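Listed below, chain by chain, are the residues.
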Protein chains: 4
Amino acid sequence: MTDRAYALFEEQQRARGIDVELVKQRLKSFTIETPSWGYGDSGTRFKTFQKVGVPRNPFEKLEDAAEVHRLTGVCPSVAIHIPWDKVDDYEQLKRHAEQLGLRIGAVNPNLFQEDEYMLGSVCNADPAIRRKAVDHLLECVTIARQTGSRELSLWIADGTNYPGQADFRKRKGWLLESLAEVYRAMPAEMRMLIEYKFFEPAFYHTDLADWGMAFNLAQKLGPQAQVLVDTGHHPPGTNVEHLVAYLIDEQKLGGFHFNSRKYADDDLIVGAINPYELFLIFFQIISASADQNPQVRTTVEKIAYMIDQSHNIEPKIPAMIRSVLNIQTQYAKALLINLEEVRAAQDAQDVLAAEDAVRKAFEMDVGPLLTVIREEMGLPHDPMKAFAESAYASKILARGKGGASW
Amino acid sequence: MTDRAYALFEEQQRARGIDVELVKQRLKSFTIETPSWGYGDSGTRFKTFQKVGVPRNPFEKLEDAAEVHRLTGVCPSVAIHIPWDKVDDYEQLKRHAEQLGLRIGAVNPNLFQEDEYMLGSVCNADPAIRRKAVDHLLECVTIARQTGSRELSLWIADGTNYPGQADFRKRKGWLLESLAEVYRAMPAEMRMLIEYKFFEPAFYHTDLADWGMAFNLAQKLGPQAQVLVDTGHHPPGTNVEHLVAYLIDEQKLGGFHFNSRKYADDDLIVGAINPYELFLIFFQIISASADQNPQVRTTVEKIAYMIDQSHNIEPKIPAMIRSVLNIQTQYAKALLINLEEVRAAQDAQDVLAAEDAVRKAFEMDVGPLLTVIREEMGLPHDPMKAFAESAYASKILARGKGGASW
Amino acid sequence: MTDRAYALFEEQQRARGIDVELVKQRLKSFTIETPSWGYGDSGTRFKTFQKVGVPRNPFEKLEDAAEVHRLTGVCPSVAIHIPWDKVDDYEQLKRHAEQLGLRIGAVNPNLFQEDEYMLGSVCNADPAIRRKAVDHLLECVTIARQTGSRELSLWIADGTNYPGQADFRKRKGWLLESLAEVYRAMPAEMRMLIEYKFFEPAFYHTDLADWGMAFNLAQKLGPQAQVLVDTGHHPPGTNVEHLVAYLIDEQKLGGFHFNSRKYADDDLIVGAINPYELFLIFFQIISASADQNPQVRTTVEKIAYMIDQSHNIEPKIPAMIRSVLNIQTQYAKALLINLEEVRAAQDAQDVLAAEDAVRKAFEMDVGPLLTVIREEMGLPHDPMKAFAESAYASKILARGKGGASW
Amino acid sequence: MTDRAYALFEEQQRARGIDVELVKQRLKSFTIETPSWGYGDSGTRFKTFQKVGVPRNPFEKLEDAAEVHRLTGVCPSVAIHIPWDKVDDYEQLKRHAEQLGLRIGAVNPNLFQEDEYMLGSVCNADPAIRRKAVDHLLECVTIARQTGSRELSLWIADGTNYPGQADFRKRKGWLLESLAEVYRAMPAEMRMLIEYKFFEPAFYHTDLADWGMAFNLAQKLGPQAQVLVDTGHHPPGTNVEHLVAYLIDEQKLGGFHFNSRKYADDDLIVGAINPYELFLIFFQIISASADQNPQVRTTVEKIAYMIDQSHNIEPKIPAMIRSVLNIQTQYAKALLINLEEVRAAQDAQDVLAAEDAVRKAFEMDVGPLLTVIREEMGLPHDPMKAFAESAYASKILARGKGGASW
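As the structure is a computational prediction, the values presented were derived from the model and not from experiment.

**Observations concerning the overall build of chain A**
Looking only at helices and strands, chain A has 16 helices and 10 strands in total. Across its three principal directions, the C-alpha atoms of chain A cover 65 × 55 × 40 Å. Expressed as a percentage of the 406 residues in chain A, the buried residues total 69%. Considering only residue pairs separated by 6 or more positions, chain A has 79% of its internal contacts joining residues 24 or more positions apart. A total of about 12,600 Å² of accessible surface is found on chain A, and carbon and sulfur atoms cover 48% of it.

Pasting the structure below:
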């Protein structure tokens, strides 16, 4: 049935003018970075539920990530978080990754868990605390060099809880000053990806509250600084795909932290709450990948697709596999959009035809396509099932409860 | 200057037709319940910062609450949370409270911190877990009897994170069934206050998501069940004062959990983000307190005014005093609304005059009034300053860090 | 290719345990009501753009609706709006509908366009205005009798723009009093469907602001009163499918006003912004249609599926056809959910399996299924294309601009 | 009583270290621009209620504005809107304004009411429509020269309603290209104030959706382009005062469109829904007005404070006076913040002290201060009452209904 389904799929797509071989090629080369912390326990402020089998150290996290890569074939890199993944010897961590068929992806500093950061890190009114924060960022640049990472992924959690608590403009200055020092320390091939967030953990103001602030900061720092879009970090209603297109056009989109949200920064499995939004994000990316401007095309090529979620109630490895499959599914659907058809309808200002040209690809079933691709890549048809039945799934139970959670 | 200020205030208010003696009387008899957990450390999912001097056990929490009552004069009761305030001998806890000039207020069960509750407590598909949850609620009824409390304050954190995860309607049935058993176990003078919350810790659906669900549940349970309005538990834009008036009219408003929010359930100091909303809530309450319907008046008289906040970055006792002062300030301002004037403008459908009749009371300065009231009650003029200079403030430092946080 | 596609579809679904014949039967008998006003010009407060070819009177609106029914086969009834569809002889309107193969659906009174309603209609402080409003509602009951309609569909736009402007609780009383009179005038087979709306045209408070208020009102009125869910009338983030399940469980869901929204009450084409939400709504309905409780099943059977949109920039008839197709598509997908599989995963509390059992049906392609159904019903495969190429599409151009817009 | 009240006020403020003379001086020189369209009828998409006495042409609108200025003393300029205020002879309009003691303020082009603009104006895919739009903008530059206006105030309503409808990035390019041409046509002393809006009238994407897009555009255009903050144009929860501070710091805040909102772009009377937000905006402005950086100070000096509201149910002139008074009230309160005290608490990172230093000014009564200022300026104590009793109020009734509404 699978073969017939794929044959029919191919025939249908060709009839629509879709270059199926190109679609397959793009799907095979599309990679997603998983985060080390996504394999550990996480929770809400009310409770972190502990699971049996979660990794107890950075090395085990990499092993879990390798399992996800083994089953999905598209997750060759792993983001690390310092100090959660602090080790004595980063060369050893790098080698461990390599032996598992992985490489170290973005290095994520932590500027929110030290006691000193209660009222801010790089935006703190106390210069000694800012110094500490900058030193930590510089340490992460070093770790990135040591692990072969090429991205410093910055989430600045700084903000205030009350009107009057702090001086917005002074903090803005300190933020720029701090990151400028870090920027200067980065080697030429390293990128600084700057994240923004509407709120939380601060509840009155957040120093980097939206894409505009992250963008402006990246503009001031220079070409190696770009913006990181976390799909859950916006006010309700925000048209995220518009921001994506905007940032690509400015050559300032550096990457994504994928996850789903219905309310705030819910950090659920990507694609689980509003899959159409994810599809529309990919539509913008794919459109721009064929842009006349080579700098726009280069920007698109360098986008880092990273998952950043909190698996509060889910088993960790299956949650990660599901996330990868959801991203792949929507990316595949978006690749079936006939861009010529879209363009023609847009040029004719035919609203319903243009909308239809995009939406109908979303309604197609890419199951047969993904199955064949997995087959060709030597992967299990159903990575979720394959994991459930794997020896690895049972083996990790021996780790017991109480892993290296954050 | 204080005396002259008050004399002028009195003169001005009398000229406006305000019965200043009645206002003073109502302010003196208006009491606010503080929560035991508000004296301990709390945090976000990212970090709980530990403060020096927070209470190490339920007895010390009561001592801190007594200090707040000593300085403000309007906080004679303390809400407790089980198991955070679990003690071997609840009679002893009650006596401790009494010796401090306090009484035990609402008893708050905890249905979210046991491992079994990961996928729900009273709404869990597993009957054994529902049994455990109901047993805990029944235990809290017993504790309420033992401590002289007359309110069981229920926050059901149950919900799901993903579409399809659970059956909404079955869970609805289990919820009713569970609470009905608890309701039947309550003595006649006890009230069950049912809280609702838009989201968090569940991020797809919450079993008691809004006032309508809590209200309908309270209707089914009977007259001893009422709704508890937590001011931070609504979608953005919600007209909370409208819900308050609505519930009073249905004789189903049982009480409040006061706090401030700008984004989600931020749990900041009440009155710090949008003080006008707090004032408008009191406007509805005060209006209804003069209703022709005696049942409406009784409903208003029994409203439990409780604080429920997370003091993540603030010193705990000052944060509590500030909260009490903010509530008092807005209540005092609302008492200065000339209800006759409002009614006349409303009857004449004069939009701007009616709006003015309400808003102008908000713009008045109730400082002189509150100062005189504190004087007459034998309290310090400035409770914040009085605490800062108190022996108590220094004494508790000896407790060190790492109190009985939640 | 179509035949092979359908054959494969059938084979795949049977292998999954889906009763394809039952699915087809349900799809064929699933009907959607279109609104007369959806064929006319509408706009925002900034501008109503006028289209060539929109109907100039109620009779032409019915003709357009008949065209939509002719092409889709599932739109046999048309909602009317009084006074927009006011005619001298309602028997004639009814006959006109019948001759077109249609029947008159819900009658929608208008309580927001008369000058007197500026500050409210049935909630107005002026008894003469309330009288006028009730009389209009009674007139609509009569019109419903005359046209054979069995639903009175009520949207009460009443509310206030400023704090203090009016007395919430008095208005609540007037609302009940007014609708009770109308309820008593309804024949036994008529239903009153009560709509609610978060805000607009009132911007401070809305008298029927949420499902809870509509539900409580319907409870007080009696069994012929039910709640109408307009999918665009909720605060951001609201879990609409949860409300749907809740109201079904209470046997108080009367029907839907379908449309899409991203921000406020945007009134875009249903299924265009977040198709997964529409699918999840149908998932709840389909689940409940197999409930053990016969009253729940009856409630589901009687749900009125109505479209209510503003086609500000779209050609009207194509916009309506697209809406019908979008609803059908998501309903068809939801029918492919294997409810046994969902239930088993829910009972086992297997979060990811339960989620997968629902989501995977959404990812399927129902194109082949819908094509075959249309074929069996003697309908064009592609109703959008069929309309574009129809004589009707050209014929209506003769109407010119400036139709009977609202 | 007024004299005593003011004497006490002055004494109290001096004791707090406030320079009362400076406060008075700043209040007297603080001016607010009213919009010509705010004197006419406006409405929602559901209905525009017509009032008796609204102006029938641009000259009468200026007369109403002059009445507001006569009574409040702080509204010497009037924003005009083209084509709503189109006249044959703009010199004559200017002279009319001057004779009334007014001057023409910002010129507001209209890019949303022509039929051609249905799918966009300066972002339209059709170059002829973009040309028309740019020509209209150039016409407005000419009108601004002729009327002595120094601000071109741009609200670009362009956007789309459906995914796929148009190409975000192409439209972004056309927007820049169009405004660049207009920018080049402006005389050196003219400013372009660029507004942004979250949504409406477009409901899927808006080309200038947030401050970041307006800011980036202004950066590209040059120093004469700045951002205009409409207080109602943000997603729920947005910290507007933070954006204000941010834009001032970048020397890109050009002005405000003041109004109130609870839900979307409600356009209610400024200060009526959340007065604390308005106060906090002024706190940021006042703080920056004492900045060390002269360019920051210059930016603050040039801020244009403009009202932009829809008085759907209110009498127009009273609504405008109330708006002016509300702004004045919050500005006056913000002037009572002791910035030294704030700074000291901020430097000490004393959260509660810093919050208190700001909030307590908000709780003060500035009534006595404003009364005295009005007295000194030869104005009525109570402008609302003065208008109600004025001959002007009766005189305009002769205009009848059906004025020059938008």
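**Focus on the interface of chain A and chain D**
Across the contact, 57 residues belong to chain A and 57 residues belong to chain D. Counting each side, the surface lost to burial between chain A and chain D is near 4,500 Å², with a carbon and sulfur contribution of 57%. Its largest share of buried area at the contact with chain D, chain A owes to R169, H242 and Q349 of chain A, together 16% of the area lost on that side. The interface formed by chain A and chain D holds 12 salt bridges in total. Across the salt bridge formed by D291 of chain D and R169 of chain A, the nearest N and O atoms sit 3.0 Å from each other. Only α6 (168-185), β7 (205-206), α7 (211-221), α8 (240-249), α9 (275-288), α12 (339-347) and α13 (351-362) of chain A provide two or more residues apiece to the side of chain A that touches chain D. For the side of chain A that touches chain D, the element with the most residues is α7 of chain A, which contributes seven residues. Residues of the side of chain A that touches chain D, tallied by class, amount to 26 nonpolar, 16 polar and 15 charged.

**Topic: unusual backbone geometry**
Residue E200 of chain B is joined to P201 of chain B through a cis peptide bond whose omega torsion reads 15°. With respect to the helices and strands, the residue P201 of chain B is situated in the loop between β6 (191-195) and β7 (205-206). A positive phi angle is found at E200 of chain A, which is not glycine, with a value near 80°. Among the secondary structure elements, E200 of chain A is positioned in the loop between β6 (191-195) and β7. The backbone phi angle of Q349 of chain A is positive, close to 50°, even though this residue is not glycine. Relative to the elements of secondary structure, Q349 of chain A occurs in the loop between α12 and α13. By relative accessible area, which is 22% here, Q349 of chain A ends up partly exposed.

**Description of the relation of the copies chain A and chain D**
Both copies of the chain are tied together by a single rotation about an axis and a shift running along it. Superposition of chain A onto chain D requires a rotation of 180° combined with a translation of 0.0 Å along the rotation axis, giving an RMSD of 0.0 Å. Both copies of the chain, as the preceding transformation shows, are related through a two-fold rotation axis. Taking C-alpha positions as reference, the residue of chain A nearest the rotation axis is G212 of chain A, located at 2.1 Å. Both copies share a contact surface, since 100% of the interface residues of chain A are interface residues in chain D too.

**What to know about the nonpolar core**
Counting 543 residues, the largest nonpolar core has F282 of chain A, F282 of chain B, F282 of chain C together with F282 of chain D as the members making the most contacts within it. With residues near it in sequence (within four places) discarded, F282 of chain D still touches F30, F258, Y305, I327, Q330, Y331 and A334 of chain D.

**Observations concerning the pattern of salt bridges**
Applying the stated criterion to the full structure yields 155 salt bridges over all chains. The closest approach of N and O atoms between K360 of chain B and D356 of chain B, which form a salt bridge, is 3.7 Å. Taken together, the residues span about one helical turn, with K360 of chain B and D356 of chain B both in helix α13 (residues 351-362) at a distance of four residues. Residue K24 of chain D is joined to E376 of chain D by a salt bridge in which the shortest nitrogen-to-oxygen separation is 2.7 Å. Residue K24 of chain D is found in helix α2 (residues 20-29), and its partner E376 of chain D is found in helix α14 (residues 367-376); the two are separated by 352 residues along the sequence. Note on E376 of chain D: relative accessible area 44%, which makes it partly exposed. Counted as one network, the salt bridges with shared partners bring together R322 of chain A together with E341, E355, D356, R359, K360 and E363 of chain C.

**Here's the deal with the interface of chain C and chain D**
Contact residues are listed per partner, giving 43 residues for chain C and 43 residues for chain D. Of the roughly 4,000 Å² buried between chain C and chain D on both sides combined, carbon and sulfur atoms contribute 64%. Of all residues in chain C, R45, F46 and Y263 of chain C bury the most surface against chain D, accounting for 22% of the area lost on that side. Counting across the chain C and chain D interface gives 10 salt bridges. Between E200 of chain C and R45 of chain D there is a salt bridge; the shortest N-O distance is 3.0 Å. Looking at the side of chain C that touches chain D, its residues break down into 22 nonpolar, eight polar and 13 charged.

**Topic: the state of the cysteines**
Residue and element names in this part refer to chain C. One pass over the structure, following the stated rule, counts zero disulfides over all chains. Lacking any disulfide linkage, C123 is separated from the closest cysteine sulfur, that of C140, by 17 Å. Take C123: its relative accessible area is 0%, and that puts it in the buried class.

**Some points on the UniProt feature "domain: Xylose isomerase-like TIM barrel" (unreviewed entry) in chain A**
In this numbering, the UniProt entry assigns the feature "domain: Xylose isomerase-like TIM barrel" (unreviewed entry) to residues 88-266 of chain A. With 39% helix and 18% strand, the stretch residues 88-266 of chain A has end C-alpha atoms that lie 33 Å from each other.

**A closer look at the packing of aromatic side chains**
Residues and elements named next belong to chain A. Going through the model one piece at a time under the given rule, you end up with 98 aromatic pairs over all chains. With centroids separated by 6.0 Å and ring planes inclined at 80°, the aromatic side chains of F198 and F199 adopt a geometry described as edge-to-face. Look at F199 and you get buried, because its relative accessible area is 12%. Arranged with centres 5.1 Å apart and planes meeting at 55°, the rings of F279 and F362 form a pair that is tilted. Placement of the pair is F279 in helix α9 and F362 in helix α13, with a sequence separation of 83 residues. Taking relative accessible area as the criterion, F279 reaches 0% and is therefore assigned buried. An aromatic cluster of three or more residues is present, and its members are F30, F256, F258, F282, Y305 and Y331. A cation over a ring is seen here: K262 above Y263, with NZ or CZ 5.9 Å from the ring centre.

What counts, and where the lines are drawn
- Residues numbered from 1 in each chain as written.
- Chains lettered and ligands numbered in written order.
- Predicted model: local features only at pLDDT ≥ 70, side-chain atom pairs only at ≥ 80, totals over all residues.
- Heavy atoms only, no water.
- Helix = DSSP H or I, 4+ residues; strand = E, 2+ residues; numbered from the N terminus.
- Buried < 20%, exposed > 50% of the residue type's maximum accessible area, 1.4 Å probe, protein only.
- Contact = heavy atoms within 4.5 Å.
- Areas by Shrake-Rupley, 256 points an atom, 1.4 Å probe, with all protein chains shown as cover.
- Buried area = accessible area lost by both parts, 1.4 Å probe.
- Salt bridge = Lys/Arg side-chain N within 4 Å of Asp/Glu carboxyl O.
- Nonpolar A, V, L, I, M, F, W, Y, C, P; charged D, E, K, R; others polar.
- Least-squares fit on C-alpha atoms with pLDDT ≥ 70 in both.
- Core = buried A, V, L, I, M, F, W, Y, C linked by side-chain atoms within 4.5 Å.
- Disulfide = S-S within 2.5 Å.
- UniProt positions renumbered as here; feature names shortened; annotations may be inferred.
- Phe/Tyr/Trp six-rings, centres within 6.5 Å; stacked < 30°, edge-to-face > 60°.
- Lys NZ or Arg CZ within 6 Å of the ring centre and 35° of its normal.

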